[in-house]
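Structural description and commentary
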Amino acid sequence: MVALSSNVTPAAAHHSFAAEFDFQKPVTLKGIVVRWEMINPHGWITMDVPGEDGKTSQWMIETSNPNGLMRLGWTKRSLKAGDEITVDGYKAKDGSNTANAARVTLADGRKVFAGSAGTP
Amino acid sequence: MRRVYLAAVLGALLGGASLLQLSAQSAAAPPVAPNASLPRLPGGRPDLQGLWLKSAGGFQGLFIGSLDGTNFAAPGGGRGDGRGGRGAGGGPPAPRYEYTPEAEAERLDRLKRGYEDPEARCHLPGVPRALDQPAALYPVQIIQDEKYVALLHEAMHDVRIIPTDNSPHPKNYWAWDGDSRGRWEGDTLVVDVSNFNGRTWLDMAGNFVDENEHVLERFRLLDRDTILYEATVTDPTVFVKPIEMRFTLKRVPAEQQILEYSCLEGERSLQHFTEEDGGKKRRVK
């Protein structure tokens, strides 16, 4: 069960958001969950994202820390391989297929907060 | 079950803490209680025990993502110079750092080396950063008896066991969190913190201290559910004058508890820090 709260203080973390991600590069990724790791100090969603050219690229999505997510209602069973999700987040500055998740839209349409450090 | 475990661990820790004490002095007699409504231990001291969460304020406050001084948590995303003083997301004004010329040069250099933030590498945060985590995220459990106040921080699994006998700091000992010695001044717990290893940062923005850091903390129970925390940070080889900070801790509902925080479990972020934003190298594919 994932909490549906949308009025949440931005969850922060143990490192600087600005050093890793770019607020000027918002991104929406729709794809299939490969792996959901609810680990410290941040959770990571691995997902396959089909491109317009038909090729699939794999992205790593950083979420808030697992304790913060747990207090929002997330569990390690909130996502599973094969789930279709949409992630709204921010791209990493280093140009890799890495992003920070602000919100995750589940297959049933529920939007859940997954923010990490400084997520607006 | 869990409480039993925590009590057992704390008991072992409190027993071990005496190893570092050089002398023990008898605590002063409890003063006349000025506020009878506060929860108190049988000996009369204010009872600080419980689970607490920091409100806005402090060095970090809701100041997040700040290598270039941008406070994304402030209304409109305020920008600054990384030296504090912008306010802290609606909380008390953030303290203003005033560096010596040599230390200012070091701070500017660290802005480019954000990957070296020790806490990002899962080291202990130091004081006052142990309590001054980004607001409303990591709780701290306070456990107390007539001789000690123990702070069990969820963040970094940091533990501070503070004897309240005003005993002296040990010699030839330096640590990430320094050495804490407490005393009661009326209803205020005053903690003198020294013996730092000089490797900690005060926040994510490269603000730092060295081995000459000294902190005087004050914990005062304002009412059953509020602790006022104040800290004065001095470091004559880094700052030209003491830095003052304050924020409140709010009691967390009893159903909450400290959760495990295994920081090194899956750290994968530092590799993405770009060179111009505090990383070692650019990794554009």
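Scope of this entry: the structure provided in the associated data block. (Residues numbered from 1 in each chain as written. Chains lettered and ligands numbered in written order. Predicted model: local features only at pLDDT ≥ 70, side-chain atom pairs only at ≥ 80, totals over all residues. Heavy atoms only, no water.)

Focus on the overall build of chain A
Keep this limit in mind: Secondary structure is summarised from DSSP: a helix means a run of H or I of at least four residues, a strand means a run of E of at least two, and numbering begins at the N terminus for each. Working definition: with a 1.4 Å probe on protein chains only, accessible area under 20% of the residue-type maximum means buried, over 50% means exposed, and in between means partly exposed. The contact definition used throughout considers only heavy atoms, calling two residues in contact when any of these lie within 4.5 Å. Only the protein chains shown count as covering a residue, and every accessible area follows the Shrake-Rupley method with a 1.4 Å probe.
The number of helices and strands found in chain A is one helix and six strands. Mapped from its N terminus to its C terminus, chain A presents α and β elements in the order β-β-β-α-β-β-β. Relative to its full complement of 120 residues, chain A shows a buried share of 59%. Long-range contacts, defined as pairs at least 24 residues apart, comprise 59% of the intrachain contacts of chain A with a sequence gap of at least 6. A total of about 4900 Å² of accessible surface is found on chain A, and carbon and sulfur atoms cover 50% of it.

Focus on the pattern of salt bridges
All names here are of chain B. The following threshold applies: When a carboxyl oxygen of Asp or Glu is within 4 Å of a side-chain nitrogen of Lys or Arg, the pair counts as a salt bridge.
Taken as a whole and assessed by the stated rule, the structure comprises 17 salt bridges over all chains. A salt bridge links glutamate 119 to arginine 129, with the shortest nitrogen-to-oxygen separation between them at 3.1 Å. Of this pair, glutamate 119 sits in the loop between helix 2 (101–111) and strand 4 (140–144) while arginine 129 is found in the loop between helix 2 and strand 4, placing the two residues ten residues apart along the sequence. Under the relative-accessibility criterion, arginine 129 is labelled buried at 1%. Each of Asp117, Glu119 and Arg129 takes part in a single network of salt bridges with overlapping partners.

A closer look at the state of the cysteines
All names here are of chain B. The condition is simple: We call a pair of cysteine sulfur atoms a disulfide when they lie within 2.5 Å.
For the coordinates displayed, the defined rule picks out one disulfide over all chains. The residue that forms a disulfide with cysteine 122 is cysteine 263, at a sulfur-sulfur distance of 2.0 Å. Looking along the S-S bond of the cysteine 122-cysteine 263 disulfide, the torsion reads about -70°, which is the left-handed sense. Of this pair, cysteine 122 sits in the loop between helix 2 and strand 4 while cysteine 263 sits in the segment after strand 11 (243–251), and the two are 141 residues apart along the sequence. The buried category is assigned to cysteine 263, whose relative accessible area is 7%.

Here we look at the sheet that holds strand 8 (residues 188–194) of chain B
Within a sheet, adjacent strands bond to each other through the backbone by hydrogen bonds, running parallel or antiparallel. Residues and elements named next belong to chain B. Note the following rule: Two strands are said to pair when DSSP picks up at least two bridges between them. Convention adopted: a line fitted to C-alpha atoms gives each axis, helices being fitted over their contacting stretch, and angles between N-to-C directions are expressed from 0 to 180 degrees.
Spatial ordering of the open sheet is given by 6-5-4-1-11-10-9-8-7, a layout of nine strands whose pairing is antiparallel. What marks the edges here is a single partner per strand, and that holds for strand 6 (159–163) and strand 7 (179–185). Strand after strand, the sheet turns through a mean of 25° between neighbouring axes, direction not considered. Direction of pairing for strand 10 (residues 226–234) relative to strand 11: antiparallel, over a ladder of eight bridges. What sits directly across from isoleucine 227, in strand 11, is leucine 249.

Some remarks on helix 2 of chain B
Residue and element names in this part refer to chain B. Condition: To be clear, the arc concerns the directions from the helix axis to the C-beta atoms.
Of the residues making up helix 2, those classed as buried are Ala103, Glu104, Arg107, Arg110 and Leu111. The buried residues of helix 2 occupy one face: seen down the axis, they fall within an arc of 120°. Projecting away from the buried face of helix 2 at angles above 90 degrees are the exposed residues Pro101 and Glu102.

Structural notes on the pairing of strand 8 of chain B
Residue and element names in this part refer to chain B. By the criterion of burial, strand 8 is predominantly enclosed, with seven of the seven residues buried. The alternating pattern of strand 8 places Thr188, Val190, Asp192 and Ser194 and Leu189, Val191 and Val193 on opposite faces, both of which are buried. Where strand 7 hands over to strand 8, the hairpin turn is made up of two residues, of which glycine 186 adopts a positive phi near 65°. Where strand 8 meets strand 9 (residues 214–223), six bridges bridge the pair, whose relative direction is antiparallel. Residue pairing in the sheet places leucine 189 in a bridge with phenylalanine 219 of strand 9.

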